[in-house]
Amino acid sequence: MITHDNLVLNMEALRKRWRWASDDVLLHVLPLYHFHGLGVALHGALNAKSKVIMHKKFNPERVWKTIEEEKITMFMGVPTLYFRMVEAWNKMDKKPDISSMRVFISGSVPLSEKLFYEFKKITGHRILERYGMTEAGMITSNPYEQDQRIPKSVGYALDGCEIKIVNSGGSDAKPNEVGDVYIRGNNVFKGYWRMPKKTKESFVDGWFATGDMGYMDKTGRLFLVGRSNDMIISGGYNVYPKEVEYVIEENDCVLEAAVLGVDDEDFGERVEAVVRLKKPGCIDEKSLLEFTRNKLAHYKCPKKIYIVDEIPKNTMGKIVIDDIKKLIKEGRIA
Ligand code: MCA
């Protein structure tokens, strides 16, 4: 449940932090069914009264061309977009004139240090990384000043939002100590629609548990290190392993399945699955992939399914995802 104030106050905080003005021209290529495309890009532009140019589908070559032709000043993307834009730039014989550009902004998924510097090398721009989620709109942002944008940090709390880190002992963490990220402020939603139990569990003394893990340095700069749950973020889309596992397990040949996120250059993480069959040879990988594609959104479908004899488990009988990841990395599951 997101209120009018949540949206308006949050966009106002962004307008100030990013110096968004009515003479800006935003190139908008993100889907509108997510907070990034709708809540940040479109509402932000409306709030700042700036012009927006929209592309129905992201195409990196077209982005570069449009920046030159339309004298774009602002661009927003998830890291997958920046990765593909670097590839496209490197292939172009004549590089576009991007001198109109004021700021490139990234969010939804952590931006790697490698990509940050690759982008800087070719364009001269340090991508401005920020942190947010549907439940709270935008939470932090790197400073506007180029030299203060640091890779692997999502910056400082926006106006109206407070952050605290709680360590594993349940106390407020010291600077640089990793813990759970909690937030409160005028950007935080009122709860999950018709889910009172989930809502209650998500707030502690008025602080919202983001589910992200991180630390703050002495100056209050936030660094994220991972998620406290096993959610996979693929190209900016959230994928819950359980949902995919349940679908795979609907197949009559499948005894059990484990779904995991594997590092991927393009998507950041990609979905893969390890499956144990009821009877050897009952189904092959291709047919099982096809089965998932008929039942799930494509971005949730595993890019690869390994059929194995045993799925690694601990003594309690619980699947150990880290062990599966290790076996895949070492080529022992292939
Ligand atoms: C497409 N595919 C994907 C993804 N996108 N698979 C895994 N993860 C994905 N994200 C599949 C397609 O179904 C297709 O499968 C194959 O990958 C290649 O598709 P392609 O044409 O390359 O994909 P695309 O249409 O170019 O899309 C890639 C994309 C898109 C542009 C990066 O995923 C995207 O727009 N992501 C942004 C999502 C976003 O806005 N998230 C914000 C969430 P096949 O060939 O097998 O059919 S809001 C949020 O997180 C908070 C509030 C925040 O902080 O912003």
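Note that this is a predicted model, so its numbers are computed, not measured. (Residues numbered from 1 in each chain as written. Predicted model: local features only at pLDDT ≥ 70, side-chain atom pairs only at ≥ 80, totals over all residues. Heavy atoms only, no water.)

Here we come to the pairing of strand S11 (residues 207-216). Counting buried residues in S11 gives 7 out of 10 residues, a clear majority hidden from the surface. Pairing between strand S9 (residues 179-185) and S11: 4 bridges, direction antiparallel. Residue pairing across strands places aspartate 180 opposite methionine 213, the latter belonging to S11. Two strands pair when backbone bridges link them, and strand S10 (residues 203-204) and S11 are joined in this way by 2 bridges, in the antiparallel orientation. Each bridged residue has a counterpart across the sheet, and for valine 204 the counterpart in S11 is tryptophan 207. In this structure, the hairpin formed by S10 and S11 is closed by a connection of 2 residues, where aspartate 205 is found at a positive phi of approximately 50°. In the sheet, S11 pairs with strand S12 (residues 222-227) via 5 bridges, with the strands oriented antiparallel. What sits directly across from methionine 213, in S12, is glycine 226. Two successive antiparallel strands, S11 and S12, enclose a turn made up of 5 residues, where glycine 220 displays a positive phi of approximately 95°. (Buried < 20%, exposed > 50% of the residue type's maximum accessible area, 1.4 Å probe, protein only. Helix = DSSP H or I, 4+ residues; strand = E, 2+ residues; numbered from the N terminus. Pairing = 2+ DSSP bridges.)

What follows is about the state of the cysteines. Following the criterion strictly, the structure yields 1 disulfide and no others. Here cysteine 253 connects covalently by a disulfide to cysteine 282, the sulfurs 1.9 Å from one another. Around the S-S axis, the bridge from cysteine 253 to cysteine 282 shows a dihedral of about -60° and counts as left-handed. With cysteine 253 in the loop between helix H7 (241-249) and strand S15 (254-264) and cysteine 282 in the loop between strand S16 (268-277) and helix H8 (285-293), the pair connects residues that are 29 residues apart, well separated along the chain. Taking relative accessible area as the criterion, cysteine 282 reaches 34% and is therefore assigned partly exposed. Unpaired in terms of disulfides, cysteine 301 finds its nearest cysteine sulfur in cysteine 253, a separation of 18 Å. (Disulfide = S-S within 2.5 Å.)

Here the structure, examined in full by the defined rule, presents 17 aromatic pairs. Ring-pair connections join several aromatic residues into one group, and the members of that group are Trp64, Phe75, Tyr82, Trp89, Phe104 and Phe119. The lysine or arginine in question, arginine 149, covers the ring of tyrosine 144, its NZ or CZ lying 5.4 Å from the ring centre. Geometry around tyrosine 306 places lysine 304 over its ring, the cationic atom sitting 5.1 Å from the centre. (Phe/Tyr/Trp six-rings, centres within 6.5 Å; stacked < 30°, edge-to-face > 60°. Lys NZ or Arg CZ within 6 Å of the ring centre and 35° of its normal.)

What follows is about H8. Along H8, the residues classified as buried are Leu288, Leu289, Phe291 and Thr292. Angular distribution of buried residues about the axis of H8 spans 155°; they occupy a single face of the element. Looking at the buried residues of H8, the elements they touch are H7, S15, S16 and strand S17 (304-308). (Arc of directions from axis to C-beta. Contact = heavy atoms within 4.5 Å.)

Purely spatial values, then, with no claim about function.
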